[in-house]
Amino acid sequence: MSEQILIIDFGSQYTQLIARRVRELNVYCEIHPFNHLPEKPENLKGVILSGSPCSVRDENAPNLDLNPYRGEVPVLGVCYGAQLLVHQNDGIVTPSEIREYGRARLEKMDQHYDLLKEMTLGNQVWMSHGDTISKLPSSFTNIASTADVANAAFKLNGEETYGIQFHPEVTHTEEGKTLLRNFVVHICGCEQDWTPDIFVESTVEDLRNKLGNDKVVLGLSGGVDSSVAAVLIHQAIGKNLYCIFVDNGLLRKNEFEEVLHSYKDMGLNVKGVDAKNAFYAALEGCVDPEDKRKAIGKTFIDIFDEESHKIQDVKWLAQGTIYPDVIESVSVNGPSATIKSHHNVGGLPEKMNLKVVEPLNTLFKDEVRRVGRTLEIPDNILNRHPFPGPGLGIRIIGEVTAEKVRILQNVDYIFINGLKERGHYDQVWQALAVLLPIQSVGVMGDERTYENVVALRAVSSVDGMTADWSKLPYDFLADISNKIINNVKEVNRIVYDISSKPPATIEWE
Ligand code: XMP
């Protein structure tokens, strides 16, 4: 098992970013909530304390005994984490009198300290806090300041424990990566050997040990995660991995045939199941988005279960679950409301009574792609845009029918191919077409038409949590609009969605 950094989460919106930055240094790390920490891992090399929306002065502020870590391994407190160190050691944290949000510069800095090595005086950092450290404990040494924040960074005397008031993980902190490298590599002494090759090697070996001669079933979706999970498990156990790829009738045009073909080319033992009609039947009369998701999810589970039972003696269900799906989050403001139920097939393991294997559950999406590249999975699978489990079912507003799916597939095909031909596909995070439940008047030659309206949407994003609408060139949009209206006779009007997330979501339903 590789060496690791433990990131203790106090509820900051940036905690996952810290983890991604550490992993970009090829160092493995895990995030755990402050109130639910695992036993100290044997190979622990250092600890990072995250920020938090709370104040250390609050009565119920997140707190933690740091003695098991301090002095044993290096510790870095970021923002709230730094204030917690001060608060626990008789320093003083008070509400800031001036605004400490946004850009600032490190104007005083002692680069003799390992944490600040190779950083430039005057470099920009990102501040985001309501409290400030007004007095450091006497056993702490100040090592950096900005014009407004005297105690921007400090070190505890006689131990490798540091605190910083700014956020090194966000890109606005220009030398944040250098600082994190200083901590993780120079101070914690991590070897930086957690690479995709090593991940593949050790995961395949672990899977071999865990699965032995057992049979495993896995549902392929055409997406990156299930494909990478399948190839990893296939490398470990070969033909004992049984893949099932269900055509739910809500995929993109020709996608089922093309992707099935790619999977076979990759040597996977895969069965394609045409279940279109079962899905259309389940969707009959369904208009509410959540009802549609449930109907699609339930039908998938039934079909998958039925198909799996055709394989003798299956012991395991493999899933392409990734790290963001399993990170326990710190709930500082009570449980968050369900906005959309994205876990479409959440009930599968319970229903099937199988043991679950999830080889990607420690990886972020971009890491899954990198592992996929190491495994030589074709680009047409690795670089495809995210596509929701309920597919076109939530891009047809109102009731879904086979005919509406056919119309939307034709529109989507022209849009997506256009993006690829003009080199825009890889620049946008996700692109989609939505069939609206209204007709509009048009003219075609001398005839009046009364046909469907379609909305096109393309967004840029890093993780789908926030997104900006893509500024695709006007001439491209004009060209695509003409092509769609000329080739899909059921459509006579195209609109382009110019809303960002939040407040709009990426999908319309
Ligand atoms: P929203 O619409 O919430 O979407 O901004 C964020 C990302 O999630 C995808 N999405 C889904 N994925 N099942 C999925 O597997 C769903 O029910 C679902 N709804 C949205 C969406 O395509 C985008 O990438």
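Just so it is clear, the structure is predicted and the values come from calculations on it, not from any experiment.

1. Thoughts on the packing of aromatic side chains
- Throughout the structure, instances matching the rule amount to 11 aromatic pairs.
- For the ring pair Phe10 and Tyr80, a centre distance of 5.3 Å and an interplane angle of 45° mean the geometry is tilted. Linking Phe10 in the loop between strand E1 (4-9) and helix H1 (15-24) with Tyr80 in helix H2 (residues 80-87), this pair joins segments that are 70 residues apart in sequence.
- Between Tyr323 and Phe364, the ring centres sit 5.4 Å apart and the planes meet at 75°, which makes this aromatic pair edge-to-face. On the criterion of sequence distance, the pair formed by Tyr323 in helix H9 (residues 323-326) and Phe364 in the loop between strand E17 (355-357) and helix H11 (365-374) is long-range, its members being 41 residues apart. Both residues of the pair, Tyr323 and Phe364, count as buried.
- Among the aromatic residues, ring-to-ring pairing joins Phe10, Phe34 and Tyr80 into one connected group.
- Lying over the aromatic face of Phe364, Arg20 brings its terminal NZ or CZ to 5.8 Å of the ring centre.
- Lys420 extends its terminal NZ or CZ atom over the ring of Tyr425, reaching a point 4.9 Å from the ring centre.

2. Some points on the sheet that holds strand E16 (residues 314-318)
- Pairing in this open sheet of five strands is parallel, and the strands run E15-E14-E13-E16-E17 from one edge to the other. Either end of the sheet is taken by a strand with one partner, and the two such strands are strand E15 (270-274) and E17. For this sheet, the mean inter-axis angle between neighbouring strands, taken without regard to orientation, is 30°.
- Helix-sheet contacts for helix H8 (residues 289-308) involve strand E13 (215-220), strand E14 (241-247), E15 and E16, and the interaxial angle to E14 is about 140°.

3. What to know about the packing of helix H7 (residues 276-283) against H8
- It is at 9 Å that the axes of H7 and H8 come closest, and there the two elements cross at 145°. The two elements H7 and H8 cross, and the hand of that crossing is right-handed. Taken together, the residues of H8 that come into contact with H7 (itself represented by Ala278, Phe279, Ala282 and Leu283) are Lys292, Ala295, Ile296, Thr299, Phe300 and Ile303.
- Considering only residue class, the contact of H7 with H8 consists of eight nonpolar, one polar and one charged.

4. Quick look at the nonpolar core
- By size, the foremost hydrophobic cluster in this structure holds 51 residues, and its most contacted members are Val217, Phe415, Leu456, Leu472 and Ile484.
- Looking at this core, the element that brings in the most residues is helix H13 (residues 402-421), giving eight residues.
- Each of two domains, domain 2 (196-382) and domain 3 (395-496), supplies a minimum of three residues to this core.
- Residue contacts for Phe415: discarding those within four places in its chain leaves Ala431, Leu432, Leu456, Arg457, Ala458, Leu472, Phe476 and Ile480.
- Counting 41 residues, the second largest nonpolar core, distinct from the first, contains Val204, Ile233, Ile237 and Phe245.

5. A look at the sheet that holds E1
- Read across the sheet, eight strands follow the order E2-E1-E3-E4-E12-E11-E10-E7 without closing on themselves; strand pairing throughout is mixed. Each of the sheet's edge strands pairs with one partner strand only, and the pair in question is strand E2 (28-33) and strand E7 (108-109).
- Here E1 pairs with E2 via six bridges, running parallel. Its bridge partner lying in E2, Ile8 is registered against His32.
- Across the face of the sheet, H2 comes into contact with strand E3 (44-49), strand E4 (75-78), strand E10 (140-145), strand E11 (153-156) and strand E12 (161-164) while running at roughly 110° to E4.
- Across the sheet, helix H3 (residues 176-187) is in contact with E1, E3, E4 and E12; its angle to E4 comes to roughly 160°.

6. Observations concerning the side chain of Asn123
- Structurally, Asn123 can be placed in the loop between E7 and strand E8 (124-128).
- Separated by 2.7 Å, the side chain of Asn123 and the backbone oxygen of Thr120 make a polar contact.

Thresholds, definitions, all that
- Residues numbered from 1 in each chain as written.
- Predicted model: local features only at pLDDT ≥ 70, side-chain atom pairs only at ≥ 80, totals over all residues.
- Heavy atoms only, no water.
- Phe/Tyr/Trp six-rings, centres within 6.5 Å; stacked < 30°, edge-to-face > 60°.
- Helix = DSSP H or I, 4+ residues; strand = E, 2+ residues; numbered from the N terminus.
- Buried < 20%, exposed > 50% of the residue type's maximum accessible area, 1.4 Å probe, protein only.
- Lys NZ or Arg CZ within 6 Å of the ring centre and 35° of its normal.
- Pairing = 2+ DSSP bridges.
- Axes fitted to C-alpha atoms, helices over the stretch in contact; angles between N-to-C directions.
- Contact = heavy atoms within 4.5 Å.
- Left-handed = near helix turned anticlockwise from the far one by under 90°.
- Nonpolar A, V, L, I, M, F, W, Y, C, P; charged D, E, K, R; others polar.
- Core = buried A, V, L, I, M, F, W, Y, C linked by side-chain atoms within 4.5 Å.
- Domains from an automatic or database assignment.
- Polar contact = N/O pair within 3.5 Å; in protein donor to acceptor, adjacent residues only side chain to side chain.

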